[in-house]
Amino acid sequence: MTEPVLEVSGLSVRFRTDAGVVPAVNDVSFVLKRGETLALVGESGSGKSVTSLAVMRLTPAPPGCEVRGRATLSRVGELLSLPEAQMREVRGSRIAMVFQEPMTSLNPVLPIGEQIAEPLRYHRGMARAAALREAAKLLELVGIPEPGKRLASYPHQLSGGMRQRVMIAIALACDPDVLIADEPTTALDVTVQAQILELLKALQARTGMAMLFITHNLGVVAEVADRVMVMYAGRVVEQAPVRELFRAPLMPYTRGLLRSVPKLAPLEALGAPLTAIPGNVPDPANLPGGCAFAPRCADVRKVVCEAELPELDAVGAEHLVRCVRWRELAA
Amino acid sequence: MPSMTPASASVDVIAAPPAPRRRMGRGVRRFVRHRLALVGFGIIVVLVLLAGLGPYVSPFNELTIDIRHRFGPPFSGAHVLGTDQLGRDMLTRLEMAGRISLTVGCAAMVLSTLTGTVVGVLAGYYGGVIGSVLMRIVDAMLCFPSIFLLLALAAFVQPSLLSITVIIAATGWMEVARLVEAQVRALRDRDFAVAALALGAPDRMIMFRELIPNAVAPIVVAATLNVARAILLESYISFLGYGIQPPVPSWGNMLNNAQEYLTSAPWLAIFPGAAITLAVTGFNFLGDGLRDALDPRLDVR
């Protein structure tokens, strides 16, 4: 678990819009090691999906969108400066992606067997028949019964959970080193969610791939992640191993997130209101000076917090936090 | 962020087994429900059978001149649909003309649909400079009234089956290109197209394997309407004397020959006119039916 597979440093993404330049992601750095799962947590608009799209080089073309920084994939090199033709070979073979909506991410008019076989054909150069045989094996791997018969099915004949299994089979077809899962269970039922999470964990144990797991669901984080990175308004605000983050969150935003999750409480506590974080995510085109979370923070100290952007401080070997008051708050 | 919208199915099980045949079956049912489409399909089958097999059954040759029996009215004697000004059998001529008109119609349709689809998918998928240039060419071509364009081209080119087909296709691919461009531009941003990109699929794979199959319904409909249009255009130019050259018959040049005898032998004009009308309406009805048959959303009813 020590060999770094993907190293992202100083990643920034800016969108040029009519309203001006919108910094969607600011100076994000992280390391993903072989066999580990890093969860990327945050509200809508916090930049977590844009981060993953930037690593895949799937953000819009340059005049409208500007990506800076480095993303180094082991045995390939720096992705952000790679020529498009080589990037195409990397996508789907070394680094693959599972999307949120299994309903719309599969082509409605192609049988699923063909869709699983496709990446094998263009990345591995396999013939159609061989790729279809491999597709049947992959379907079995993701727990679909009678895989041989399923190959001819169309997406609309499968349930949501089945479709997400097919998406996973497609993503894993070429045995990638890194799997980016962008809210893969958000659109599914709770029971199916658990099955998909178990499947992803089992497949990870088997192949040793690293996972970047994007979610806003802290229950899912506790289930799958080894480490957690919390993003707010395009910046990393806290990063820690999953146990440490749940036990001792330092950034007030992380604390707020954890408090706003419904828990199974003892009977006498039933009816106690959930604590929501007041306010909304700030407009990324118009961020407040200083700490971006200050306007919504319960522990805000007017002058200190709004003076300048806090640094990402190292609390321990693996725990980083962006808050000027973390020492006081931890005490 | 939408929180946990439950999927439509609550249990992770498989829906109904074997697929492609049922899908086909539903398409056929939607088509059959469309009465006019069935009529259109029937008309086309009859016309194709007549044109294909009729001349083998007929005792007459379409080019044999028999001056003694000229202007024979229909349903009199051996010539079922009468004879023309040179005593040639009308039925056999109509059938042979059908071969040419239907062949030109279908070949022009294939050619214009292919050209239009390729231009449209390239313009829609790449957009930007490539898309703008291609679509401006399409707009420019659309500016010319197609009959003028057709006659101008036909005046310079030696008339033959092939050249007429190519000329008709050259004036008919622009609508298909526009249609496909709009479809592809909308489909390109759909999740499955982005997912294919995230898997490292080459552009041609995304265009022709992911996007085009999703746009097949409107393309097929446009194609059937194009057949009707091509048959009409072939008739126009043959009627105006630039198309299929006598003595080889086409529905258009049969009409052309008939105009002098409109009062004395009206059947010379009525039969080829009716054949053109039947074929065009047949293909139009077929197009309507196919539009319904290829749209799975209509299954809900």
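**Some points on the overall build of chain A**
Move 1: The number of helices and strands found in chain A is twelve helices and twelve strands.
Move 2: Rg of the C-alpha trace for chain A: 21 Å, near the compact-globule value of 20 Å for 331 residues, within the 12% margin.
Move 3: With respect to the principal axes defined by its C-alpha atoms, chain A has extents near 70 × 55 × 40 Å.
Move 4: Nonlocal contacts in chain A, meaning residues at least 24 apart in sequence, comprise 63% of its contacts between residues at least 6 apart.

**Points about the overall build of chain B**
Move 1: Along its length, chain B carries twelve helices and zero strands.
Move 2: Each helix and strand of chain B, ordered N terminal to C terminal, gives the series α-α-α-α-α-α-α-α-α-α-α-α.
Move 3: The buried share of chain B, reckoned over its 301 residues, is 42%.
Move 4: Pairs at least 24 apart in sequence give 70% of the contacts found in chain B among residues at least 6 apart.

**Focus: the sheet that holds strand β11 (residues 313–314) of chain A**
All names here are of chain A.
Move 1: With mixed pairing, eight strands are arranged side by side in an open sheet as β6-β7-β8-β3-β9-β10-β12-β11. The open sheet terminates on both sides in strands that have one partner only, identified here as β6 (95–98) and β11.
Move 2: Relative to strand β8 (residues 210–215), strand β7 (residues 178–182) is paired through five bridges, and the arrangement is parallel. Residue pairing for β8: D182 is matched across the bridge by I214.
Move 3: Packed onto the sheet, helix α6 (residues 160–172) meets β6 and β7 and runs at close to 170° relative to β6.

**Points about the packing of helix α3 (residues 90–126) of chain B against helix α6 (residues 161–170) of chain B**
Residue and element names in this part refer to chain B.
Move 1: For the pair α3 and α6, the least separation of the axes is 8 Å and the interaxial angle reads 45°. Considering the angle they form, α3 stands oblique to α6. Read as a crossing pair, α3 and α6 show a hand that is right-handed. Across the interface between the two elements, I100, V104, A107, A108, L111, S112 and T115 of α3 pack against L161, I164, T165, V166, I168 and A169 of α6.

**Examining unusual backbone geometry**
For residues that are not glycine, phi is negative in most cases, and the peptide bond is trans in most cases.
Residues and elements named next belong to chain A.
Move 1: A positive phi is found at R57, a non-glycine position, where the angle reads about 60°.
Move 2: Note that R57 resides in the loop between α1 (48–55) and β4 (65–73).
Move 3: The residue R75 is not glycine, and still its phi comes out positive at about 65°.
Move 4: If you trace the backbone, R75 turns up in the loop between β4 and β5 (77–78).

**Side note on the environment of D139(B)**
Residues and elements named next belong to chain B.
Move 1: Relative to the assigned elements, D139 resides in helix α4 (residues 128–143).
Move 2: By the C-beta count within 10 Å, which is 11 here, D139 ends up exposed.
Move 3: When the C-alpha positions of D139 and M174 are compared, they lie 7.8 Å apart, and in sequence the two are 35 residues distant.

**A short note on the confidence of the model for chain B**
Residue and element names in this part refer to chain B.
Move 1: Predicted confidence across chain B gives a mean pLDDT of 80, with 89% of residues reaching 70 or more.
Move 2: Here helix α1 (residues 20–33) is the element of chain B with the lowest mean pLDDT, 65, and helix α7 (residues 173–188) is the one with the highest, 92.
Move 3: Predicted confidence for residues 1–22 stays below pLDDT 50, and this span has 36 contacts to residues more than four positions away or in other chains.
Move 4: The ipTM value of the predicted complex is 0.81, and its pTM value is 0.77.

**Remarks on α1(A)**
All names here are of chain A.
Move 1: Most of α1 is tucked away, with eight of its eight residues classed as buried.
Move 2: Where α1 is concerned, the buried positions are K48, S49, V50, T51, S52, L53, A54 and V55.
Move 3: Positive phi appears at R57, one or two residues downstream of α1, with a value of about 60°.

**Details of the environment of I44(B)**
Residue and element names in this part refer to chain B.
Move 1: As for its placement among the helices and strands, I44 is situated in helix α2 (residues 35–57).
Move 2: Taking the C-alpha atoms as reference points, I44 and R88, separated by 44 residues in sequence, lie 25 Å from one another.
Move 3: If near-sequence neighbours (up to four positions away) are discounted, I44 is found in contact with G282, F283 and L286.

**Thoughts on helix α11 (residues 251–258) of chain B**
All names here are of chain B.
Move 1: Burial of α11 is extensive: seven of the eight residues sit out of reach of the surface.
Move 2: Those residues of α11 lying buried are W251, G252, N253, M254, L255, N256 and A258.
Move 3: As for α11, its buried residues are in contact with α3, α10 (216–239) and α12 (267–293).

**A short note on the packing of α2(B) against α3(B)**
Residues and elements named next belong to chain B.
Move 1: At a closest axis distance of 8 Å, the pairing of α2 and α3 adopts a crossing angle of 120°. The angle between α2 and α3 falls in the class oblique. Considering only the axes of α2 and α3, their crossing is left-handed. On α3, the residues that touch L47, V48, L50, A51, G54 and P55 of α2 are T92, E95, M96, G98, R99 and L102.

**Here we look at the nonpolar core**
Move 1: In this structure, A169(A), V178(A) and L211(B) are the most contacted members of the largest nonpolar core, which totals 171 residues.
Move 2: The leading source of residues in this core is α3(B), at 14 residues.
Move 3: Among residues more than four places away in sequence, those in contact with L211(B) are V121(B), Y125(B), V184(B), L187(B), R188(B), A193(B) and I206(B).

**Some words on the environment of V121(B)**
Move 1: In this structure, V121(B) sits in helix α3.
Move 2: Excluding its chain neighbours within four sequence positions, the residues that come into contact with V121(B) are V180(B), V184(B), M207(B), L211(B) and I212(B).

**Considerations on the sheet that holds β5(A)**
All names here are of chain A.
Move 1: As summarised here, the arrangement of the four strands in space is β2-β1-β4-β5, forming an open sheet in which the pairing is antiparallel. For this open sheet the edge positions go to β2 (20–33) and β5, each flanked by a neighbour on one side alone.
Move 2: The sheet contact formed by strand β1 (residues 4–17) and β4 spans eight bridges and is antiparallel. Bridging from a neighbouring strand, R14 pairs with E66 of β4.

**Quick look at the pairing of β8(A)**
All names here are of chain A.
Move 1: Extensive coverage of β8 is indicated by the burial of six of its six residues.
Move 2: Here β8 shows a buried face lined by A210, L212 and I214 and a second buried face lined by M211, F213 and T215.
Move 3: Note: strand β3 (residues 37–41) against β8, five bridges, orientation parallel. For L40, the partnering residue across the bridge sits in β8 and is I214.
Move 4: Taking the sense of rotation as the criterion, the β-α-β connection linking β7, helix α7 (residues 190–207) and β8 turns out right-handed.

Reading the values: the criteria
All residue numbers refer to position in the chain's written sequence, counted from 1. All chains are assigned letters beginning at A, and all ligands numbers beginning at 1, according to the order in which they are written. Whole-chain, interface and lining totals are the exception, using all residues; otherwise, since this is a predicted model, local features are given only for residues with pLDDT of at least 70 and side-chain atom pairs are given and counted only at 80 or more. Note on conventions: DSSP H or I runs of at least 4 residues are helices, E runs of at least 2 residues are strands, and numbering of each starts at the N terminus. The quantity called the radius of gyration is restricted to C-alpha atoms. Its globule counterpart is 2.2 Å times the number of residues to the power 0.38. Once C-beta atoms are placed from the backbone, any two residues with those atoms within 7 Å are in contact. Residue burial here comes from a neighbour count, namely the number of other C-beta atoms, placed from the backbone, that lie within 10 Å of the residue's own C-beta, with 20 or more meaning buried, 12 or fewer meaning exposed, and in between meaning partly exposed. Strands are labelled as partners when DSSP assigns at least two bridges between them. To obtain each axis, a line is fitted to C-alpha atoms, and for helices this fit is confined to the stretch in contact; angles are then taken between N-to-C directions over 0 to 180 degrees. By definition in this entry, angles of less than 35 degrees are roughly parallel, angles greater than 145 are roughly antiparallel, angles of 65 to 115 are roughly perpendicular, and the rest are oblique. Here is the rule for handedness: rotate from the far helix to the near one, and if that takes an anticlockwise turn smaller than a right angle the crossing is left-handed, while a clockwise turn gives right-handed. Scored between 0 and 100, pLDDT is the confidence that the predictor attaches to each residue. The term nonpolar core means buried Ala, Val, Leu, Ile, Met, Phe, Trp, Tyr and Cys residues held together as one set by C-beta atoms within 7 Å. Think of it like this: strands point away, you trace from the first strand over the helix to the second, and a clockwise trace means the crossover is right-handed.

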